[in-house]
Amino acid sequence: MTYSITRYLTRSAALAICLAPALVFAQQQGGAAKPAPQAAEAATDPSAVVIVTGVTKTTTKKNATFSINTLSAEEIQRLAPMSTADMLANFPGIYSEGGSAGEASNNITVRGLPVTGGYRFAPQLVDGLPAYEEPEAPFMNNDVFIRDDLMTESVELVKGGPGGILYSNGLGATVNHVTRTGGDHVAGGYKIEYADYGFLRQDAFISGPLAPNVTGAVGGFYRRSDGVRDTGYTADRGGQVRGNVVYTSNDRKTTARADALVINDRTAFYQNLPISVPRFSNPGTPANPTAISQNTIQPLGIDFAHGTTASPYNRYFNMTGEYGTRTIDQADGIHPDFKMFTLSGSRELEDGWKVSAGLRYTTGTNGFNAVFTGNDTATSTNFLNARYQNDVISPAHGAALGCNLGNAKLVGFFNVPSSNACASFANISREDFIKKYAKATAVAGRYLNDGSPVPASANLNFMIPFIADVDASSTSLDLKTQKSFTLKGSHDLTFGVYKSRYNYAPNFQQALLVSDVANQSRLVDLIAVDAQGNQVGPSLTQGGAILPGWGGFVSKIQGDGNAAYLLDHWETMGNKLKMDFGVRWQNLKADVTRRDRNVITDLTPAGVVVGSTQDTTADNEISMPGDPHTLRQTYHGFGWSVGGNYSFSKPLAVYGLASDSFRLPSLQDLNDLSTASATVVNGKPVEVSAVEHIRQYEIGLRYLTRGFGASIAAFYNNFSPRSAINIYKDITSASCGTQGGVTQINSCPDVAQLYKRGVQNVGTEIELSWRPAALEGLELKGNLVMQNPKVNGANYTITQEDKDPQGVITGYHYVQVSEDGRRPRRLPKVMVNLMPSYDLKPLTDVPVSLYAQYQYYGSRYSEATDSNVTLYPAYHIINAGAQYQITERLSAHLHVANLTNQLSFTEGDPLFNDLLSPDGTRNRGVARPLFGRTVRFSLTYMF
């Protein structure tokens, strides 16, 4: 691997140049040093934590009428999260699959809502406005925009309630990343961080007064990394710069603010790895699931802790399409290249009136380069035999029966009679076809990098690249008018209108690669050979790709949204009782054009003799964009929220909340709905609901003092999704075609089933913190979540393949599935997060703080279906570290993630009893493992 220190220093210098003017100003102005992080944190009174999310009037966490969780900048620094999802795992009620996919494009879910991928029910805001209007965009998760750095002041999370009133898509949770702004004195910081996987990152910010009534702040980061998994090349590189300027009038009644952010970053995307488990003979059922024991899981060729399918040998591969041929570089990974501009301000008027506004424009592109792992790991002997059966014999036999005498696989791999060929092939059995006409007797594999043969001891598998390029832009405008008045107490009545317009244009294509399964995986080319091992006919692959252009779509989506909301914050009974009443109406006008890559095209170059050894069958079935599908539709939603908080005393309060929130169709939904034809169930067309709703009830108790804090909440959610359509093939229909006595399933008519996969969840969340007076410096913090989400309304039919011992498809059968009463996929019932810390300075006068973190997640189902029910094991992660305050301004931080090198999985596919490991003694599958132990060290200078 080539590592360019010159290039790294160049980009680091660019960050420094952006900060230089402010740094010079800071040196001229001087200013008091900020308190050390440990001192600032020790002085924090939990009852006085001020929140700005989900409220129209600044309030404290203790007095909120809804569930609110916060992380300060100091807490984020201590937790040292690898990604946005990793950080959100510290909020109770959030199940985050950590950073197991890398620094971006991870998945989270909220309070048992179904895992659909990404941030569908948890939009990410930056200073109260969405980074991008739609949080669920295929190949562009909300977290590709969010990179917390030293410019982050705090992160706040609101679950339900006013989050669904004041913000778009706040169905489950709304996360607000609050940015630093300038103060009366110059402040700033610089951090350099190193990790033991070739990670080097620099963060910096500076803020302070720029002119009378004007303050500014600017900062960002730049990072390079070899990758927490060993890709063999630079996996992560890039960064961001952001800043703001704020004007405040002398009377502090008028504010104006301008923000800008530029991000250009690349991060590796890590996927599932092959695994094996002890042999089981029967598929898992709800009553007797295939429960995986942690100690019995074994890797198949690739190390769980730091291994990956990516390597220098498969970094580059070619894809083919309407554009010709292009070379893909896996090192491009997830590649956001965006600019974000924001204008906001407020003005207090006479008689209790106030107006405020926020306008944000985001524009740019995102590249999504991810290679998924197939579930086909087998010995090279078995894998190549399956290719011979399914990719040589079956298509050639089908072509012979259909008298398709120009088929490359037929003329290349079999002898075609010079006369009366169609008559000779008519109704010929598979066995006779092979016996009489086969030229090829097997398929052989050769490594792409050096042409050497694949040994029998190697394991082979498919890899599936998902390659997408996205052009996107988003404009959000939020206008609010507030009126304060007195009526049986004080009221702050807010009326707002919200306008959004966003564009999204993805170009998505898949491929199918052949690779060995090893820590330095290599692409493999396949050829058909005769009994002497000589190549017969065309190669089956092209540069390791058996399908260099397979499936996908090209879409262009525009959304226009309008919303109006009303929220009244009422304080009465001597301000002991606080109430929030709110309603929101919103619509979405969607305009979608989608072209599926479903036109199968033969791109054999002119001049190449079809079926010759100079030919390849890989370019015979390229999926090209077909006819456009369009959608022109308007959707509406209405929601409400009622919440109250009663303070019994300064530290003690109780709150309650009831709300009904909605979720208009996401970009993923719109893209799918555009291809949906009229739904006919039992011969009658039915109207399909495309709007989701969630009814939430919550009661909670908060007791917050400087030494002890406790928050206990009980909640109930009833989630009603948009209607789902299950389409399966009627394999009993007389119109189904057969070939060699086997039903050709694609020729069977479709049957549509309408159902809703709803979720009901009841649970409790507990947050505790204790600083015992008898042992100054000790802090015990933690949270516990217990929940019981259950699916309801999900009943449908699927078809499954019948295979013979050689893996050849011999037919199909129906399976009736009912998910009702089952736990939704990938959701634990119990989550624990304990964070003890001990500041040694009060006792020893040594300015060192030690800390640890214990995270536990209960067992999770791979899917909620009744077939092949698979239960993945519970797992825990232990992190630990130390912070050393070298001087008043300089500190050092050592952080060890996954201290015990716990090897488990955040997710995985269902395990099938007929899928065996290469040696045949175990069963195989694929799952996404935790990262192994990593060590990070940083130096931070704050002033």
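This one's a predicted model, so the numbers in the text were calculated from it and none came from an experiment.

K.L.:
Help me understand the overall build of the protein chain in this model?
P.N.:
Regarding its fold elements, the protein chain presents 11 helices and 53 strands. Since a compact globule built from 943 residues should have a radius of gyration of about 30 Å, the 30 Å found for the protein chain is in line with a globular shape. Along the longest, intermediate and shortest principal axes, the C-alpha atoms of the protein chain span 100 × 65 × 50 Å. The long-range share in the protein chain, meaning contacts at least 24 apart out of those at least 6 apart in sequence, stands at 72%. Of the roughly 36,700 Å² that the protein chain leaves accessible, carbon and sulfur atoms contribute 56%. Between the mean site of the 79 positive side-chain charges and the mean site of the 83 negative ones, the protein chain shows a separation of 3 Å.

K.L.:
What is the right way to read the side chain of Ser 356 from this model?
P.N.:
Its place among the elements puts Ser 356 in strand E21 (residues 353-373). Residue Ser 356 is classed as buried on the basis of its relative accessible area, which comes to 15%. Sequence-distant contacts of Ser 356, defined by excluding residues within four places in its chain, comprise Gly 345, Ser 346, Asp 478, Leu 479, Lys 480 and Gln 482.

K.L.:
What should I look at first to understand a nonpolar patch on the surface in this one?
P.N.:
Together, Tyr 190, Ile 192, Val 846, Tyr 884, Ile 886, Leu 894, Val 935, Phe 937, Leu 939 and Tyr 941 make up an exposed nonpolar region whose accessible area comes to about 770 Å². Of all the secondary-structure elements, those providing two or more residues to the nonpolar patch are strand E10 (187-195) and strand E53 (934-942). No other element matches E53, which puts 4 residues into the nonpolar patch. Residue placement: Val 846 occurs in the loop between helix H11 (841-844) and strand E46 (848-857). The exposure class assigned to Val 846 is partly exposed, which follows from its relative accessible area of 37%.

K.L.:
Is there a simple way to think about the nonpolar core in this case?
P.N.:
A general trend in soluble globular proteins is that nonpolar side chains are found buried together. Core analysis: the biggest nonpolar cluster contains 39 residues, and Tyr 132, Phe 139, Met 140, Phe 145, Tyr 504, Tyr 635 and Leu 670 have the highest contact counts within it. If sequence neighbours within four positions are ignored, Tyr 132 has contacts with Met 140, Asn 142, Phe 145, Ala 472, Ser 473, Ser 474, Tyr 502, Asn 503, Tyr 504 and Leu 667. By size, the runner-up hydrophobic cluster in this structure holds 33 residues, among which are Phe 413, Tyr 437, Leu 460 and Ile 546.

K.L.:
Mind showing me how you'd approach helix H6 (residues 380-401) here?
P.N.:
An α-helical turn contains 3.6 residues, so a residue and the one three or four places further along point in the same direction. With 22 residues, H6 should reach 32 Å at 1.5 Å per residue; the first-to-last C-alpha distance of 30 Å fits that figure. The sharpest bend along H6 comes to roughly 30°, located at Ile 393, with the proline Pro 395 sitting one to four residues further on. At the exit of H6 stands Cys 403, carrying a positive phi of roughly 55°.

K.L.:
Mind showing me how you'd approach the sheet that holds strand E23 (residues 442-447) here?
P.N.:
Paired through backbone hydrogen bonds, the strands of a sheet run either parallel or antiparallel to each other. Read across the open sheet, the 3 strands follow the order E23-E26-E27; overall the sheet is antiparallel. Unpaired on one side and paired on the other, E23 and strand E27 (535-539) mark the two borders of the sheet. Here the strands of the sheet are splayed against their neighbours by 40° on average, with no regard to which way each runs. For strand E26 (residues 524-529) and E27, the ladder comprises 2 bridges, and the chain directions are antiparallel. The partner of Ile 527 across the bridge, within E27, is Ser 539.

K.L.:
Would you take a moment to explain helix H9 (residues 430-437) for this structure?
P.N.:
Those residues of H9 not exposed but buried are Arg 430, Phe 433 and Tyr 437. Considered in projection along H9, the buried side chains sweep an arc of 75° and stay on one side of the axis. Of the exposed residues in H9, those oriented more than 90 degrees away from the buried face are Glu 431, Lys 435 and Lys 436. At its buried positions, H9 is contacted by H6, helix H7 (408-413) and helix H8 (421-425).

K.L.:
Whenever I open this one, the sheet that holds strand E7 (residues 129-130) confuses me. Can you help?
P.N.:
With respect to topology, 5 strands assemble into an open sheet ordered E3-E8-E9-E6-E7, the strand pairing being mixed. Whereas interior strands pair on both sides, the edge strands pair on one side only; in this sheet they are strand E3 (67-72) and E7. Sheet analysis places strand E8 (residues 152-159) next to strand E9 (residues 173-179), joined by 7 bridges and oriented antiparallel. Note on E9: the bridge partner recorded for Lys 159 is Ala 173.

K.L.:
In this structure, what is going on with the state of the cysteines? I would like to understand it.
P.N.:
When the sulfur atoms of two cysteines share a covalent bond, that bond is a disulfide. Under the criterion given, the structure shown has 2 disulfides. One disulfide in the model links Cys 403 with Cys 422; its S-S distance is 1.5 Å. Of this pair, Cys 403 sits in the loop between H6 and H7 while Cys 422 sits in helix H8, placing them 19 residues apart in sequence. Residue class for Cys 403 comes out partly exposed when judged on its relative accessible area of 33%. Paired by a disulfide, Cys 736 and Cys 748 hold their sulfur atoms 2.1 Å apart. Note on the Cys 736 and Cys 748 pair: the S-S dihedral is about 135°, so by sign convention the disulfide is right-handed. A residue pair is termed long-range when its members are at least 10 positions apart, and Cys 736 in the loop between strand E36 (724-729) and strand E37 (737-739) and Cys 748 in the loop between strand E38 (742-744) and strand E39 (750-755) qualify at 12 residues.

K.L.:
What should I look at first to understand the pairing of strand E52 (residues 922-929) in this one?
P.N.:
For a regular strand, side chains alternate in direction, first toward one face of the sheet and then toward the other. Across the 8 residues that make up E52, a large majority, 8, are buried. Of the pairings in the sheet, the one linking strand E15 (residues 273-278) to E52 comprises 6 bridges and is antiparallel in character. Opposite Ser 276, over in E52, you have Arg 924 as the bridge partner. Bridge count for strand E51 (residues 905-908) against E52 is 3 bridges, and the pairing is antiparallel. Each bridged residue has a counterpart across the sheet, and for Phe 905 the counterpart in E52 is Pro 929.

K.L.:
Could you clarify how one ought to interpret the packing of aromatic side chains in this entry?
P.N.:
Two numbers describe a pair of aromatic rings. These are the distance of the centres and the angle of the planes. Applying the stated criterion across every chain, the model contains 29 aromatic pairs. Plain terms: the ring middles of Phe 269 and Phe 368 are 5.4 Å apart, the flat faces sit at 55° to each other, and that makes the pair tilted. Residue Phe 269 is found in the loop between strand E14 (254-266) and E15, and its partner Phe 368 is found in strand E21; the two are separated by 99 residues along the sequence. Aromatic ring contacts, followed pair by pair, group Phe 139, Phe 269, Phe 368, Phe 372, Phe 466, Phe 508 and Phe 553 into a single cluster. Across the ring face of Phe 205, the terminal group of Arg 180 is positioned such that the distance to the ring centre comes to 4.3 Å. The cationic tip of Arg 315 hangs over the ring face of Tyr 233; the distance from NZ or CZ to the ring centre is 5.0 Å.

K.L.:
In this structure, what is going on with the packing of H6 against H9? I would like to understand it.
P.N.:
In helix packing, the relevant descriptors are the interaxial angle and the interaxial distance, both defined with respect to the helix axes. Interaxial distance between H6 and H9 falls to 11 Å at its minimum, and their mutual angle equals 95°. One way to sum up the angle between H6 and H9 is to call them roughly perpendicular. Here Tyr 388, Gln 389, Ile 393, Ser 394, Ala 396, His 397 and Ala 400 of H6 lie close against H9, whose contacting residues are Arg 430, Phe 433 and Ile 434. Of the residues belonging to the contact of H6 with H9, the class tally is 6 nonpolar, 3 polar and 1 charged.

K.L.:
How should the confidence of the model for the protein chain be read in this particular structure?
P.N.:
For any part of a model where pLDDT is low, the fine detail of the predicted coordinates should not be relied upon. Of the residues in the protein chain, 94% reach a pLDDT of 70 or more, and the chain-wide mean stands at 91. Across residues 1-6, where pLDDT falls below 50, the model places 9 contacts with residues more than four positions away in sequence or in other chains. Contacts for the low-pLDDT stretch residues 8-43, under 50 throughout, to residues beyond four places or in other chains number 61 contacts.

K.L.:
Explain the side chain of Ser 276 here, please?
P.N.:
Residue position: Ser 276 is located in strand E15. Ser 276 has contacts with Thr 296, Ile 297, Gln 298, Leu 300, Ser 917, Arg 922, Asn 923 and Arg 924, leaving out every residue within four places of it along the chain.

K.L.:
Which parts of the structure should I look at to understand unusual backbone geometry?
P.N.:
A negative phi holds for most residues other than glycine; trans holds for most peptide bonds. In this structure, Asn 213 takes a positive phi of about 70° despite not being glycine. Looking at the element boundaries, Asn 213 is found in the loop between strand E11 (199-211) and strand E12 (214-225). With a phi angle near 50°, Asn 868 is a residue other than glycine that sits in the positive phi range. Structurally, Asn 868 can be placed in the loop between strand E47 (860-861) and strand E48 (870-872).

K.L.:
I'm lost on the environment of Asp 530 in this one. Help?
P.N.:
Counting through the fold element by element, Asp 530 comes out in the loop between E26 and E27. Put simply, Asp 530 and Val 443 are 87 residues apart on the chain and 8.7 Å apart in space, counted from C-alpha to C-alpha. Dropping the residues within four chain positions of it, Asp 530 is found in contact with Lys 439, Thr 441 and Val 536.

K.L.:
What should I look at first to understand the pattern of salt bridges in this one?
P.N.:
Oppositely charged side chains can pair when the atoms bearing their charge come close. For the structure shown, the criterion picks out 42 salt bridges. Taking the shortest distance from any N to any O, the salt bridge between Glu 193 and Lys 191 comes out at 3.8 Å. For the pair formed by Glu 193 and Lys 191, the shared burial category is buried. With its nearest N and O atoms 3.3 Å apart, the salt bridge here joins Lys 480 to Asp 478. A relative accessible area of 23% places Lys 480 in the partly exposed class. Judged by relative accessible area, Asp 478 falls into the buried class, the value being 8%.

Rules used in this analysis
- Residues numbered from 1 in each chain as written.
- Predicted model: local features only at pLDDT ≥ 70, side-chain atom pairs only at ≥ 80, totals over all residues.
- Heavy atoms only, no water.
- Helix = DSSP H or I, 4+ residues; strand = E, 2+ residues; numbered from the N terminus.
- Rg over C-alpha atoms; globule rule 2.2 N^0.38 Å.
- Contact = heavy atoms within 4.5 Å.
- Areas by Shrake-Rupley, 256 points an atom, 1.4 Å probe, with all protein chains shown as cover.
- Lys, Arg positive; Asp, Glu negative; His and termini not counted.
- Charge placed at Lys NZ, Arg CZ, Asp CG, Glu CD.
- Buried < 20%, exposed > 50% of the residue type's maximum accessible area, 1.4 Å probe, protein only.
- Patch = residues over 30% accessible without salt bridge, like charges linked within 9 Å, V, L, I, M, F, W, Y side chains within 5 Å.
- Salt bridge = Lys/Arg side-chain N within 4 Å of Asp/Glu carboxyl O.
- Core = buried A, V, L, I, M, F, W, Y, C linked by side-chain atoms within 4.5 Å.
- Expected span 1.5 Å × (residues − 1).
- Bend = angle between axes of the 7 residues up to and from the residue.
- Pairing = 2+ DSSP bridges.
- Axes fitted to C-alpha atoms, helices over the stretch in contact; angles between N-to-C directions.
- Arc of directions from axis to C-beta.
- Disulfide = S-S within 2.5 Å.
- Phe/Tyr/Trp six-rings, centres within 6.5 Å; stacked < 30°, edge-to-face > 60°.
- Lys NZ or Arg CZ within 6 Å of the ring centre and 35° of its normal.
- Parallel < 35°, antiparallel > 145°, perpendicular 65-115°, else oblique.
- Nonpolar A, V, L, I, M, F, W, Y, C, P; charged D, E, K, R; others polar.
- pLDDT = per-residue confidence, 0-100.

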